[in-house]
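Spelled out from the first residue to the last, the chains are:
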Amino acid sequence: MAKAVRFYETGAPEVLRYEDVEVGEPGPGEVLLRHVAVGLNYADTYFRNGTYPIPLPNGMGVEAAGVVQALGEGVTNVAVGDRVTYTGFINTLGAYSTERIIPAAPLIKLPENISCETAAAMTMRGLTSSYLMRRIHDFKAGDTILLHAAAGGVGLIVSQWAKLLGLTVIGTVSTEAKAELARAHGCDHIINYSHEDVAKRARELTDGVGVDVVFDSVGKNTFMGSLDSLKRRGLMVCVGTASGPIDGFNPQLLAMKGSLYLTRPALADYIADPAEKAALSGELFDHVGSGRIKIEINQQYELKDAVQAHRDLESRKTTGSSLFVI
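Residues numbered from 1 in each chain as written. Predicted model: local features only at pLDDT ≥ 70, side-chain atom pairs only at ≥ 80, totals over all residues. Heavy atoms only, no water.

Counted only if it meets this: UniProt positions are given in the numbering used here, feature names are shortened, and annotations may be inferred rather than shown by experiment.
The protein chain goes by NADPH:quinone reductase in an unreviewed UniProt entry, where it is assigned to Pseudomonas cavernicola. The record held by UniProt for the protein chain lists under Sequence similarities (unreviewed entry) the comment "Belongs to the zinc-containing alcohol dehydrogenase family. Quinone oxidoreductase subfamily." According to UniProt, the comment filed for the protein chain under the heading Catalytic activity (unreviewed entry) is "2 a quinone + NADPH + H(+) = 2 a 1,4-benzosemiquinone + NADP(+)".

Below, the structure is given as structure tokens:
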């Protein structure tokens, strides 16, 4: 019997159950995968609390890395014994498990210099950072970005990648400890939003011009301040809603605040094409494998402690990446 975390109703972390599950044999286009490490992402809480509606009961988690144990009919992209990683959304739910049956299509082979633990800690965050840096905007050296949650898993990767591109990074954090972490990973300036006005400070740091791009993973609490931080015709990228969804937005505001651009991208749409997924993951693995981008695994849990892991995540106790070690 395998072990897995499942939930039968939406709600607080306490709805998560750690239980025995039958795995079975892989069918056509599927593989049996033994997990080595499982990623813990803020997006997991959206499934658990009902922000992302899914049929119930269901599994939890959309990111993990492990070793292929058996192949179903027609699988050609991986072989038994391959170390692989994956991420996604609906098609990969069920990552919080010791082993599972999963479609072969989402699997990405790992190079020798990337461990399963590193992969599980960065596949979703890393691919998100990859498309944010390489697909969302045509960055040029000297551009300035405002990066919310700069000490989070995506934030630490984006800030390092931004410095490789010659960008100026203004990061927002809630504590001095997180400020120190963000600075160590490439942030040129820090705004502590617990006692500073983000938009006002961003304007001061850009001589009143505003930033070229805002990456906002917070949502409701920071949305207006993010818009007010942008330069004329700047780009607002909504990449998450940690503080809640943005309600009642009037597009006329974009014109009033400087003919701004607004996008709400989803990772799934940037890795749906196999060639693009290979390009984005290849560049990510190259940066991480060479040490140009470092992945910080700052929290580790066992699967049976999923409830506590979600509590820590939602109370902002975590920094960098978190994972479950199998």
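1. A look at the sheet that holds strand β12 (residues 211-216)
Put simply, the rule is: Strand pairing follows a simple DSSP-based rule, namely that at least 2 bridges must link the two strands. Helix and strand assignments follow DSSP, with helices taken as H or I runs no shorter than four residues and strands as E runs no shorter than two, numbered in order from the N terminus. To get an axis, a line is fitted to the C-alpha atoms, and for a helix only the part in contact is used. The angle between two axes follows their N-to-C directions and goes from 0 to 180 degrees. Pairs of residues are marked as contacts when any of their non-hydrogen atoms sit within 4.5 Å.
The strand order across the open sheet formed by six strands is β11-β10-β9-β12-β13-β14, and the pairing between neighbours is parallel. Every interior strand has two partners, whereas the edge strands, β11 (189-192) and β14 (261-263), have only one. Strand-to-strand, the axes of this sheet are offset by a mean angle of 15 degrees, without reference to chain direction. Strand direction decides the pairing type here: β12 and strand β13 (residues 230-238), joined by five bridges, are parallel. Residue pairing in the sheet places Phe215 in a bridge with Val237 of β13. Packed onto the sheet, helix α3 (residues 153-164) meets β9 (144-147), β10 (168-173) and β12 and runs at close to 170 degrees relative to β9. Packed onto the sheet, helix α5 (residues 198-205) meets β9, β10, β11 and β13 and runs at close to 160 degrees relative to β11.

2. Some words on the sheet that holds strand β1 (residues 2-7)
As summarised here, the arrangement of the three strands in space is β2-β1-β4, forming an open sheet in which the pairing is antiparallel. Either end of the sheet is taken by a strand with one partner, and the two such strands are β2 (16-21) and β4 (58-59). Relative to β2, β1 runs antiparallel, the two sharing six bridges. Looking across to β2, one finds that Arg6 is bridged to Arg17.

3. Description of unusual backbone geometry
Note that the residue after Leu56, namely Pro57, is joined by a cis bond; omega there is 0 degrees. Here Pro57 shows up in the loop between α1 (42-49) and β4. Phi angles above zero are rare outside glycine, and Ala149 is one such case at about 55 degrees. Relative to the helices and strands, Ala149 is located in the loop between β9 and α3. The phi dihedral of Arg316 falls on the positive side, at around 65 degrees, and the residue is not glycine. With respect to the helices and strands, Arg316 occurs in the loop between α9 (306-314) and β16 (321-325).

4. Quick notes on empty space enclosed by the protein
Quick reminder of the rule: Throughout, the protein atoms alone are placed on a 1 Å grid, and a set of points is a cavity if a 1.4 Å probe fits but cannot get out or a pocket if it is open with protein on both sides within 12 Å along at least five of seven lines; lining residues have an atom within 4 Å of a point. Grid points are joined across faces, edges and corners, and a volume is the space filled by probe spheres set on the points. Each residue gets one of three labels, nonpolar for Ala, Val, Leu, Ile, Met, Phe, Trp, Tyr, Cys and Pro, charged for Asp, Glu, Lys and Arg, and polar for the others, Gly among them. The start and end points of each domain follow an automatic or database-based domain assignment.
Using the criterion set out here, one finds one cavity of 30 Å³ or more in the structure. Each pocket or cavity is described by its volume, and for the largest cavity that value is around 40 Å³. Lining of the largest cavity is provided by Gly153, Leu156, Ile157, Gln160, Lys294, Ile295, Glu296, Gly320 and Ser321. Here the lining of the largest cavity is built from residues that sort into three nonpolar, four polar and two charged. Looking at which domains feed residues into the lining of the largest cavity, each of domain 1 (2-122 + 272-325) and domain 2 (141-264) gives three or more.

5. Quick look at the pattern of salt bridges
Side-chain pairs of opposite charge can arise whenever the charged atoms involved come near each other. To keep things clear, this is the line we draw: One speaks of a salt bridge when a side-chain nitrogen belonging to Lys or Arg is within 4 Å of a carboxyl oxygen belonging to Asp or Glu. The cut-offs for exposure are 20% and 50% of the maximum accessible area for each residue type, with area from a 1.4 Å probe on protein chains only; residues under the lower value are buried, those over the upper are exposed, and the others partly exposed.
Scanning the model with the defined rule gives 18 salt bridges in all. Lys231 is the salt-bridge partner of Asp212, the closest N and O atoms lying 3.1 Å from each other. Here the residue Asp212 occupies a position in strand β12, and Lys231 occupies one in strand β13, the gap between them amounting to 19 residues. Judged by its relative accessible area of 13%, Asp212 is buried. For the salt bridge of Arg292 with Asp286, the shortest nitrogen-to-oxygen distance reads 2.5 Å.

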